[in-house]
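The residues making up each chain are set out below.
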Amino acid sequence: MNSISAGWVHIPTRNVLARVTQRSSGRVLIVHRKYHDESFGFRKARDFTIPDYTSDQLTNRATNAPLLRYADSLRTHGHRAASIDPLDLLRRERVAALDPIRYGLDDPDRTFDINGIIWTGEGKQEWSLENITSFLNSIYVGRIAYEYMDLPSKTERLWFAKLLESQSALEPMTVINADKRKNIHALLARSEVLDNFLQVKFPNLKRYGLEGGESMLPALDALFEAASKAGITQLILAMPHRGRLNLLTGLLEYNPTSLFHKIKGGSEVDESLGVSGDVLSHLVASPTLQYDEADGIKVSLLPNPSHLEAVSPVALGKARAKQYRLLKTLSNDKNNQDCMLGDKVMCVQLHGDASFTGQGVVMETLGLSGLPHFTSGGSVHIVVNNNIGYTTPASSARSSFYCSDIAKMINCPVLHVNGDYPEDVVRAVDIAFKYRNHFRKDIVIDLIVYRRWGHNELDEPAFTQPLMYEKIRSRSSVPKLYEDKLISEGVISVETARAVRENHKTSLNAALTDVASYVPPHVTFEGAWKGMVWPASSAARQDETGVSSAVLKDAGKASVHVPEEFEIHPRLNRHVKNRLRSIEAGEGIDWASAEAMAFGSLMLEGCDVRIAGQDVGRGTFSHRHAMLVDQKTEGVIVPLNHALTEAKGKLELANSSLSEMAVLGFEYGASWERPDLLPIWEAQFGDFFNGAQIIIDTFIASSETKWLKQSGIVLLLPHGLDGAGPEHSSCRIERMLQANTFFEKLNVNMHVVFPTTPAQYFHLLRRQMKRNYRKPLIVAAPKGLLRLAAASSRLTDMGPGTAFQPVLQDLSTLTDPKAVQRIVLLSGKIYYDLAKERATRNLQSRVALIRIEELAPFPFATLSEALVPYANANKQLEVLWVQEEPRNQGAWEHVQERIKEVLKGLGIEGGVAYRGRKEDAVCAPGTGKLYGAQQVAVIEGTFQGL
């Protein structure tokens, strides 16, 4: 080590890679940490290198430097002159950089040694300038355009150049034989027949057809086939509405009768389940497709909301979780020990041009694609580029020249291809898949097409784009152009082409006739979800969440285990000792310890746990410390994984990028795939969920009733007014409750809780995994309570026979309920402020503080049971609801009618009165004095008149 002044070295004892540099004051050690090392399923990405230039090649490159500059200029700028726009709408000027004269190359007959300059083979090769120009233009200034010369990796740039130039010199990159061409024609023709059929039979239908963009189908077919032949067995597909019906019926084996049944107003699933369903353009399918002799590939088209691009991170998360589940299975198979992320599962994301540049979640999701805890082994992106968004032209929709330019933020290569030429589209897909499968990185295909109709078929696009649509309406369709080409070349006959269309039309008519007797299929749980049930069914159950003292202690101690020779920060020594002391004493258990016990006990039961978000390893409030960092090397361990050796489950701490929407969407996607995973997203502060509201509204709150999709996702949203100001105080409980079905008698869509003790939190986490169904859990998580001694628990609170309590009774007042004059109902941390003030005023016997810990589903029966002793003693009880949030926020607007219903059932007169802050436009004031005065007023108002 001392002999190294610069370079990369490996330190095996700390499992880190370090770069050592020299400074005048001494050597500086910069370490590249790998937080994921202790997380289940991480496989180090393969290193890829291409041999450097030989000495002969370097000499030739120097000798023929003008030719080298010319060749590189064509690779770099050829896309600017390529024929990639079917409508020729892109404003293109003459590209001077593509003229060989610019480089002093003015003799077309002059010959050059191209060794090391153009990659047509090894060794010396003499080519004339005319042949070189023709050859490079045929590759880089054709109907496929490439952007790869801006990639920072020389290996990737050389890979592209060698692939494109060597294969182009020898043979077509993708051999498209007559059978493949006939298949392309069939896909295009059937797509056009479907669109025409729907237009005739359902003229008022907004079908978002594929007319003008039909080349999307052979693109996906080629991609599915290439993936299948490469050994990929699962493909996760995300796409928007346009062309969805064409894809479903054309490639994904969706029953047209089911489609027509839905168009006529029927449900896509068994109506007895009582779900609301979703619109036509959000239908899904998951067929297993067969290609030649390859193993089948299951293509799962995910349901999507109308919020464009919101499904992209969900698809990425599902793809990674699916791969992890396979890795866990394959890890015991000696033949698959080297299985890597992306070997068996691939994510494919389809986009629209306007949404790809306009929706911020695209940038966020691209940002996740290469992160160690979020990569799925590379996605293929296909932008179906109409050069228009609704009525907005490209010139008003983006500041960049190409809609794909946003992908350059992750050094992503881009292939632009003219959608009028399906065979070139297939070739582009072949190249893109080869790149993805080799480097396991994202790649973008910009499929430039057009939209024959408006945003939907009932819209008139000529209102705003008259010239564009004059050109579109004067041209033949893509299927007809390709059909004429094949007929002229003798690949198919006129009769064959007509038969393809007529046969498909006949089958569609038959499917439409069958609608009268069609019954949607019964939905069953399969694969990883086998054994699960519908939450509202009589078979739904919950197992015990309490755990033996021995297991609690083992998990608790393991969570702060520090290996020998591992040097933690000195301030953490006290943290470790305090947690160990409370575990041994069986009391004073804080929130971090209870959480670790929940994680550890679930891991011992075979469940994996993944918690993602900003700074989750340490915790925003420096309370968790689920990962420890060596102060000498920055090597990282996760104690629960390191010390709980008998556990079959693992804890993954996914410290994320500074993103909310994409990260939450990613975790939600993982929850769809793995019911044996406890997936948690922790917001840095509770109100940060604002950036992910679309995921909450369109996925978490509604997936079960729209799509019959269950999820066990947990949202930890730190909440509590403590002087932090307007933005870091509230998780907006009112919004979560507004999106909730709420009543206990209904199948609630998600649980909303506000726990006040570590034990309650412990049981909530375990409850997520101890039921034979899954429900989202929204937790108004603690901030100030994390270290409050009064807000601690005992081991016995988490032991056998214990469980989460939706309502926490005030046990101190039950000895003499007749003495109680006022009942205060509340949720959250204000309980401890009120309990302290009540003791100061010596009102313990006259005021009962009852905590409603679960706000949704509202605990009607449990609250009624808690109030019975007081109601029996005094029907004139004064009942208050107290909260520290403003009146128009918090839980008040949602609980008051439900509390009144409970009180009415008990015969308690007078209803419930409000005590708390008045309505406000902000969650909390930013002025310290004002905050303090308001908080005092809330507390004093609770006890006023006693």
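For the structure, see preceding data.
The structure presented is a predicted model; accordingly, all values stated were derived computationally and were not measured.

Caption draft 1: Looking closely at the overall build of the protein. The helix and strand inventory of the protein stands at 29 helices and 29 strands. Taking 2.2 N^0.38 as the reference for a compact globule, 946 residues should give roughly 30 Å; the C-alpha atoms of the protein span a radius of gyration of 32 Å, in line with that estimate. With the C-alpha coordinates aligned to their principal axes, the bounding extent of the protein is approximately 105 × 80 × 55 Å. The positive charge centre, built from 107 side chains, and the negative charge centre, built from 108, are 4 Å apart in the protein.

Caption draft 2: Main features of the side chain of Ser582. By the secondary structure assignment, Ser582 is in helix H18 (residues 570-585). At a separation of 2.9 Å, a polar atom in the side chain of Ser582 contacts the main-chain carbonyl oxygen of Arg579. Among all residues touching Ser582, those that are not within four sequence positions of it are Glu587, Gly588 and Ile589.

Caption draft 3: Local environment of the packing of aromatic side chains. Tallied over the full model, the rule gives 27 aromatic pairs. Seen in terms of ring centroids, Tyr53 and Trp119 are 6.0 Å apart; in terms of plane orientation they differ by 20 degrees. Their pairing is stacked. Taken together, the residues Tyr53 in the loop between strand S3 (26-32) and helix H1 (55-63) and Trp119 in the loop between strand S4 (111-113) and strand S5 (126-128) connect sequence positions 66 residues apart. An identical accessibility class is assigned to Tyr53 and Trp119; each is buried. Measuring from ring centre to ring centre gives 4.6 Å for Phe525 and Trp534, while their planes differ by 50 degrees; the resulting arrangement is tilted.

Caption draft 4: Here's a closer look at a negative patch on the surface. Residues Asp106, Asp107, Asp109 and Glu130 make up a contiguous surface patch of negative charge. Residue position: Glu130 is located in helix H3 (residues 129-140).

Caption draft 5: Structural view of the sheet that holds strand S20 (residues 677-682). The strand order S19-S16-S20-S21-S23-S22-S27 describes an open sheet built from 7 strands, whose pairing is mixed. Looking at the sheet topology across the chains shown, the edges are occupied by strand S19 (651-655) and strand S27 (854-856). The sheet shows a mean angle of 20 degrees between the axes of neighbouring strands, direction not considered. Here S20 pairs with strand S21 (residues 714-718) via 3 bridges, running parallel. Its bridge partner lying in S21, Trp681 is registered against Leu715. Packed onto the sheet, helix H21 (residues 661-673) meets strand S16 (608-613), S20 and S21 and runs at close to 170 degrees relative to S20.

Caption draft 6: Summary view of the pairing of strand S29 (residues 913-917). Pairing of strand S28 (residues 878-886) with S29 involves 4 bridges; the strand directions are parallel. Looking across to S29, one finds that Trp881 is bridged to Tyr914. On the question of chirality, the crossover connecting S28 to the parallel S29 by way of helix H28 (residues 892-906) is right-handed.

Caption draft 7: Main features of unusual backbone geometry. A cis amide bond links Ala856 with the next residue in sequence, Pro857, at an omega value of 0 degrees. Of note in this structure, Tyr208 is not a glycine but carries a positive phi near 50 degrees. Structurally, Tyr208 is set in the loop between helix H5 (178-201) and helix H6 (216-229). Look at Tyr208 and you get buried, because its relative accessible area is 15%. In the Ramachandran plot, Asn411 falls in the positive-phi region, its phi being about 55 degrees despite a non-glycine side chain. The topology assignment puts Asn411 in the loop between helix H12 (394-397) and strand S14 (414-418).

Caption draft 8: Spotlight on the state of the cysteines. Following the criterion strictly, the structure yields 0 disulfides and no others. The closest cysteine sulfur to the non-disulfide-bonded Cys923 is located on Cys731, 9.3 Å from its own sulfur. Assessed through its relative accessible area of 6%, Cys923 is described here as buried.

Caption draft 9: Molecular detail of the sheet that holds strand S9 (residues 297-301). As summarised here, the arrangement of the 8 strands in space is S6-S14-S15-S11-S10-S7-S9-S8, forming an open sheet in which the pairing is mixed. Edge positions in the sheet fall to strand S6 (144-147) and strand S8 (288-289), since each of these pairs with one other strand and no more. One ladder, built from 2 bridges, connects S8 with S9; its direction is antiparallel. Residue pairing in the sheet places Leu289 in a bridge with Ile297 of S9.

Caption draft 10: Representation of the pairing of strand S10 (residues 345-352) within the structure. Taken across its 8 residues, S10 has 8 buried, putting it largely inside the fold. Looking at chain direction, strand S7 (residues 234-238) and S10 are connected through 5 bridges and run parallel. Bridge pairing in S10 links Leu237 to Val348. Looking at chain direction, S10 and strand S11 (residues 379-385) are connected through 6 bridges and run parallel. Residue pairing in the sheet places Val348 in a bridge with Val380 of S11.

Caption draft 11: The environment of Gln614, seen in detail. Residue position: Gln614 is located in the loop between S16 and strand S17 (628-629). Distance in space between the C-alpha atoms of Gln614 and Trp681 is 9.2 Å, their sequence separation being 67 residues. Leave out the neighbours within four places in its chain, and Gln614 touches Thr620, Ser656, Ser657, Leu658, Ser659, Glu660, Glu682, Gln684 and Phe688. For Gln614, the side chain forms a polar contact with the main-chain oxygen of Ser659, separated by 3.3 Å. A distance of 2.7 Å separates polar atoms of two side chains, one belonging to Gln614 and the other to Glu660.

Procedures and definitions
- Residues numbered from 1 in each chain as written.
- Predicted model: local features only at pLDDT ≥ 70, side-chain atom pairs only at ≥ 80, totals over all residues.
- Heavy atoms only, no water.
- Helix = DSSP H or I, 4+ residues; strand = E, 2+ residues; numbered from the N terminus.
- Rg over C-alpha atoms; globule rule 2.2 N^0.38 Å.
- Lys, Arg positive; Asp, Glu negative; His and termini not counted.
- Charge placed at Lys NZ, Arg CZ, Asp CG, Glu CD.
- Polar contact = N/O pair within 3.5 Å; in protein donor to acceptor, adjacent residues only side chain to side chain.
- Contact = heavy atoms within 4.5 Å.
- Phe/Tyr/Trp six-rings, centres within 6.5 Å; stacked < 30°, edge-to-face > 60°.
- Buried < 20%, exposed > 50% of the residue type's maximum accessible area, 1.4 Å probe, protein only.
- Patch = residues over 30% accessible without salt bridge, like charges linked within 9 Å, V, L, I, M, F, W, Y side chains within 5 Å.
- Areas by Shrake-Rupley, 256 points an atom, 1.4 Å probe, with all protein chains shown as cover.
- Salt bridge = Lys/Arg side-chain N within 4 Å of Asp/Glu carboxyl O.
- Pairing = 2+ DSSP bridges.
- Axes fitted to C-alpha atoms, helices over the stretch in contact; angles between N-to-C directions.
- Right-handed = clockwise from strand over helix to strand, strands pointing away.
- Disulfide = S-S within 2.5 Å.

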